[in-house]
Amino acid sequence: MNTLGMKTLFAKEVRRFMRVPGQTVLSPLISTTLYFIVFGYSLANRVHEVEGMPYLPFIVPGLVFLGIANNAFLNSSSSLFITKIQGTVVDLLVAPLGPGELMAGFIGGAMVRGLAVGGLTWAVAALFTGFSLAHAVVALYFLLISSYVFSVLGLLAAVWAEKFEQINFFPTFVMMPLTFLGGVFYSVRELPTPWNHVSLFNPMVYMVEGLRYGMLGRSIFPPATGGLILLGLAGVATALAYVALRSGYKMKA
């Protein structure tokens, strides 16, 4: 394993988004904070409790998840896609880096950005609701698995995409609908039939509910069930990304 090359790629990915922290960290943090203020305070007067929890603390795990998912996906997808468009992907292909090392570099950098935005979102929310961490190990697991899954999905989107509009296909037509059906601002058990049953096949529900259990100590699903489902999803996404990078699929767009 080329450890030095992998660390160098990882450091490059982190430096890439840290050069413009206002765009890559501060901007999504402000957007997520506005979600909290607008949705939280506008609905808190009408919805006092959800699943036995005050409404404002209830939505915090979902907003942390949004920050992690959006930024982890965006970082890995934009970074690899830009190298394809600019033609500098050739430098990566001729470097002594295998598919596993390429994945570690890109995914590691994306996870750092996602976790940074998620952590800052959590900190800002704590100013309004107070800090709560019921199960630290569970919260850490779902923070990491959520950032990892969306980092890998971003990598897959970048490998598949050949045009700029294609890179936005997944966030617009997959992530956004699943997010708004993922129980961020409400309990999925309150959805009408058949959507309350369809939501059981939405992996974002288990990510949000896992974080909710870790932070607040309550969840409508056992965290072990969600953890296993997400572990399987991470395994499938990792295998697909590894095969795509190893074969060089669409790597010279």
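Scroll up a little and you will see the structure.
Residues numbered from 1 in each chain as written. Predicted model: local features only at pLDDT ≥ 70, side-chain atom pairs only at ≥ 80, totals over all residues. Heavy atoms only, no water.

### Let's talk about the packing of aromatic side chains
With the rule as written, the count across this model stands at nine aromatic pairs. Centre to centre, the rings of F65 and F150 are 5.8 Å apart; their planes meet at 70°, and the pair counts as edge-to-face. Within this pair, whereas F65 is found in helix α3 (residues 55–86), its partner F150 is found in helix α6 (residues 136–160), the two being separated by 85 residues in sequence. The two residues F65 and F150 agree in class, both being buried. Taking 5.1 Å as the distance between ring centres and 20° as the angle between the ring planes, the aromatic pair formed by F73 and F170 counts as stacked. Here the residue F73 occupies a position in helix α3, and F170 occupies one in helix α8 (residues 169–180), the gap between them amounting to 97 residues. F73 gets classed as buried once you look at its relative accessible area, which sits at 3%. By way of ring pairs, the aromatic residues W160, F169 and F173 are connected into one cluster. Here R212 stacks its cationic end above the ring of F58, 3.7 Å away from the centre of that ring. (Phe/Tyr/Trp six-rings, centres within 6.5 Å; stacked < 30°, edge-to-face > 60°. Helix = DSSP H or I, 4+ residues; strand = E, 2+ residues; numbered from the N terminus. Buried < 20%, exposed > 50% of the residue type's maximum accessible area, 1.4 Å probe, protein only. Lys NZ or Arg CZ within 6 Å of the ring centre and 35° of its normal.)

### Topic: the nonpolar core
Counting residues in each nonpolar core, the largest one holds 64 residues, and the members touching the most others are F65, F150 and L155. Looking at this core, the elements with two or more residues in it are α3, α4 (89–94), α5 (99–129), α6, α10 (203–216) and α11 (223–247). For this core, the leading source of residues is α3, giving 15 residues. Once residues lying within four places of it in the same chain are set aside, the contact partners of L155 are S76, S77, L80, M103, F106, I107, A241 and L245. (Core = buried A, V, L, I, M, F, W, Y, C linked by side-chain atoms within 4.5 Å. Contact = heavy atoms within 4.5 Å.)

### Looking at the pattern of salt bridges
Per the counting criterion, the structure on display carries four salt bridges. In this structure, the salt-bridge partner of E13 is K12, at a minimum N-O distance of 3.0 Å. Overall, the relative accessible area of 0% leaves E13 in the buried class. Between R16 and E13 there is a salt bridge; the shortest N-O distance is 3.9 Å. (Salt bridge = Lys/Arg side-chain N within 4 Å of Asp/Glu carboxyl O.)

### Structural notes on the environment of G118
Counting through the fold element by element, G118 comes out in helix α5. By relative accessible area, which is 1% here, G118 ends up buried. Considering only alpha carbons, one finds G118 and N71, 47 residues apart in sequence, at a separation of 8.8 Å. With sequence-adjacent residues up to four places away left out, G118 is seen in contact with V64 and I68.

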